[in-house]
Amino acid sequence: MNCLECGEKILGRSDKKFCNDACRNAYNNKQNRNSTNLMRNVNNKLRKNYRILQEINVDGKAKTTQSKLDSLGFDFEYFTNIKVYKNGSEYKYIYDYGYKLLEDDFVLIVKNQT
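Reading the values: rules and limits
- Numbers given for residues are sequential positions, taken from 1 along each chain in its written order.
- With pLDDT at 70 or above as the cut-off, local features in this predicted model cover only qualifying residues; side-chain atom pairs require 80 or more to be listed or tallied, and sums for whole chains, interfaces and linings still use all residues.
- Computation of side-chain values covers all heavy atoms of the structure but excludes hydrogens and water.
- Strands are runs of DSSP state E lasting at least two residues, helices are runs of H or I lasting at least four, and both sets are numbered from the N terminus onward.
- For this measure, only C-alpha atoms enter the radius of gyration; the expected value for a globule follows 2.2 Å times N^0.38, where N is the number of residues.
- The buried label applies to any residue whose accessible area, calculated with a 1.4 Å probe on protein chains only, is under 20% of its type's maximum; exposed applies above 50%, and partly exposed to all values in between.
- Note on definitions: a residue-residue contact is assigned when non-hydrogen atoms from the two residues lie within 4.5 Å.
- All accessible areas in this document rest on Shrake-Rupley with a 1.4 Å probe, and a residue is counted as covered only by the protein chains that are shown.
- Strands were regarded as paired on the criterion that DSSP finds at least two bridges between them.
- Axis lines are fitted through C-alpha atoms, for helices just across the contact stretch, and the angle between N-to-C directions can take any value from 0 to 180 degrees.
- Pairing of aromatic rings covers Phe, Tyr and Trp, the last through its six-membered ring, and needs centres within 6.5 Å; plane angles under 30 degrees mean stacked, over 60 mean edge-to-face, and all others mean tilted.
- Throughout this description, the term charge over a ring refers to an Arg CZ or Lys NZ atom that lies within 6 Å of the ring centre and within 35 degrees of the ring normal.
- Salt bridge criterion: a side-chain nitrogen from Lys or Arg within 4 Å of a carboxyl oxygen from Asp or Glu.

Novice: What am I meant to see in the overall build of the protein chain here?
Specialist: Across its full length, the protein chain carries two helices and five strands. When the helices and strands of the protein chain are placed in sequence order, the string is α-β-α-β-β-β-β. For the protein chain, whose C-alpha radius of gyration is 23 Å, the value lies well above the compact-globule estimate of 13 Å for 114 residues. Reported as C-alpha extents along the three principal axes, the dimensions of the protein chain are approximately 70 × 30 × 20 Å. Counting across all 114 residues of the protein chain, residues that qualify as buried make up 23%. Considering only residue pairs separated by 6 or more positions, the protein chain has 38% of its internal contacts joining residues 24 or more positions apart. Here the protein chain has roughly 8,200 Å² of accessible surface; of this, 46% comes from carbon and sulfur atoms.

Novice: I'm lost on the side chain of S89 in this one. Help?
Specialist: Turning to its location among the elements, S89 is positioned in the loop between strand 2 (81–84) and strand 3 (90–94). Classification of S89 as buried rests on a relative accessible area of 13%. When near neighbours in sequence (up to four residues on either side) are disregarded, S89 contacts K83, V84 and K100.

Novice: Would you mind showing me how to read the sheet that holds strand 2 here?
Specialist: Backbone hydrogen bonds are what pair the strands of a sheet, in a parallel or an antiparallel way. Sheet architecture is open: five strands sit in the order 1-5-4-3-2, paired in antiparallel fashion. Each of the sheet's edge strands pairs with one partner strand only, and the pair in question is strand 1 (61–65) and strand 2. The sheet shows a mean angle of 30° between the axes of neighbouring strands, taken without regard to direction. As defined by bridge partners, strand 3 adjoins strand 4 (residues 97–101) across three bridges and the pair is classed as antiparallel. Considered in strand 4, the bridge of I94 is made with Y97.

Novice: Honestly, the packing of aromatic side chains in this entry has me stumped. Any pointers?
Specialist: The description of an aromatic ring pair rests on the distance of the ring centres and on the angle between the ring planes. A complete count under the given rule lists seven aromatic pairs for this structure. Ring geometry for F18 and Y27: centres 5.2 Å apart, planes at 55°, overall tilted. Classification of F18 by relative accessible area gives buried; the value is 12%. Seen in terms of ring centroids, Y50 and Y95 are 6.1 Å apart; in terms of plane orientation they differ by 70°. Their pairing is edge-to-face. With Y50 in helix 1 (residues 21–56) and Y95 in the loop between strand 3 and strand 4, this pair connects stretches of sequence that are 45 residues apart. Sitting over the face of the ring of F106, K63 holds its NZ or CZ atom 5.1 Å from the ring centroid.

Novice: Help me out: how do you make sense of the pattern of salt bridges in this one?
Specialist: Summed over all chains, the structure comprises four salt bridges. We note a salt bridge from R24 to D21, for which the minimum N-O separation is 3.0 Å. Pair noted here: R24 and D21 are both in helix 1, with a separation of three residues, about one helical turn. With a shortest N-O distance of 2.7 Å, D96 and K111 are connected by a salt bridge. You can see D96 sitting in the loop between strand 3 and strand 4 and its partner K111 sitting in strand 5 (residues 106–111), a full 15 residues away along the chain.

Structure, rendered in structure tokens:
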């Protein structure tokens, strides 16, 4: 059998697919490149959004504007979950920081104390 990465003949066990760890790592990195880049980009956006909410909300609850969040680079398309409360209020969460869009460009930011 030959190594899946470099094509060299493999010595050792009959079920071995790579000649060494470097070839195994290189092969797997190539296989996962596209999904890894997508996940990295999404995680970077979530991390940035989280930092922005964290900086604005220092007391557990804060009010700001969508315009201010936009100017800081907040991306409203990226959040981890949506929570709808019994009263109908919808909060979008980025991990433990949530925000609710209010009237007149305002945004309420809360920190979930769990």
